Structures are given as structure tokens and as C-alpha cells.
Amino acid sequence: MQIDKNMLIGELIQVDECIAPVLMRAGMHCLGCPASQAESLEEACMVHGIDCDTLVSQINEILAAK
């Protein structure tokens, strides 16, 4: 499976157990917050000043290696 920047944070952390730690390392420490569950990855990246395309690529590389 591949992820994209339009997926909701809540969806992403259910896709694979390795995604939450990647998001945490990128600076998204609010994954447990109910509001973050309804944010898209792109929205969360904007809030945290993270390059979304790079993060999507990193996550997809990890998922492809499984």
C-alpha cells in the first residue's frame, strides 16, 4: 500500500504500526489529539513546518521495504 498527503492522520496510523513513529520523529507529537485524527497529512505538515512530499516519500519507502 502507498500513502498520499490527502490521507487523514487517523487513517495513516492505522495503516501500519511503523507510521506513527515516523510522524513522531518528524515532529508531529500530537498524534493522540482527537483534532489531529481528522487532519490530512498535508494539513499537519503545514502546521508543523514539515515538507509533506519528503515525508510521504519516506513513509512509502518504509512501507515498500516491508
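Residues numbered from 1 in each chain as written. Predicted model: local features only at pLDDT ≥ 70, side-chain atom pairs only at ≥ 80, totals over all residues. Heavy atoms only, no water.

Draft legend 1. How the structure looks around the packing of helix α4 (residues 41-48) against helix α5 (residues 52-64). Two numbers describe how α4 lies on α5: the axes approach to 9 Å, and their chain directions differ by 125°. When the axis of α4 is compared with that of α5, the two are oblique. α4 and α5 meet at a crossing whose hand is right-handed. Contacts between α4 and α5 involve Leu41, Glu42 and Cys45 on the former and, on the latter, Cys52, Leu55 and Val56. When its residues are assigned to classes, the contact of α4 with α5 shows five nonpolar, no polar and one charged. (Axes fitted to C-alpha atoms, helices over the stretch in contact; angles between N-to-C directions. Helix = DSSP H or I, 4+ residues; strand = E, 2+ residues; numbered from the N terminus. Parallel < 35°, antiparallel > 145°, perpendicular 65-115°, else oblique. Left-handed = near helix turned anticlockwise from the far one by under 90°. Contact = heavy atoms within 4.5 Å. Nonpolar A, V, L, I, M, F, W, Y, C, P; charged D, E, K, R; others polar.)

Draft legend 2. Quick look at the side chain of Ser36. Position of Ser36 relative to the elements: it lies in helix α3 (residues 34-37). Its relative accessible area of 4% is what places Ser36 among the buried residues. A polar contact is formed between the side chain of Ser36 and the backbone oxygen of Cys30, at a distance of 2.9 Å. When residues no more than four places from it in sequence are discounted, the contact partners of Ser36 are Ile9, Cys30 and Leu31. (Buried < 20%, exposed > 50% of the residue type's maximum accessible area, 1.4 Å probe, protein only. Polar contact = N/O pair within 3.5 Å; in protein donor to acceptor, adjacent residues only side chain to side chain.)

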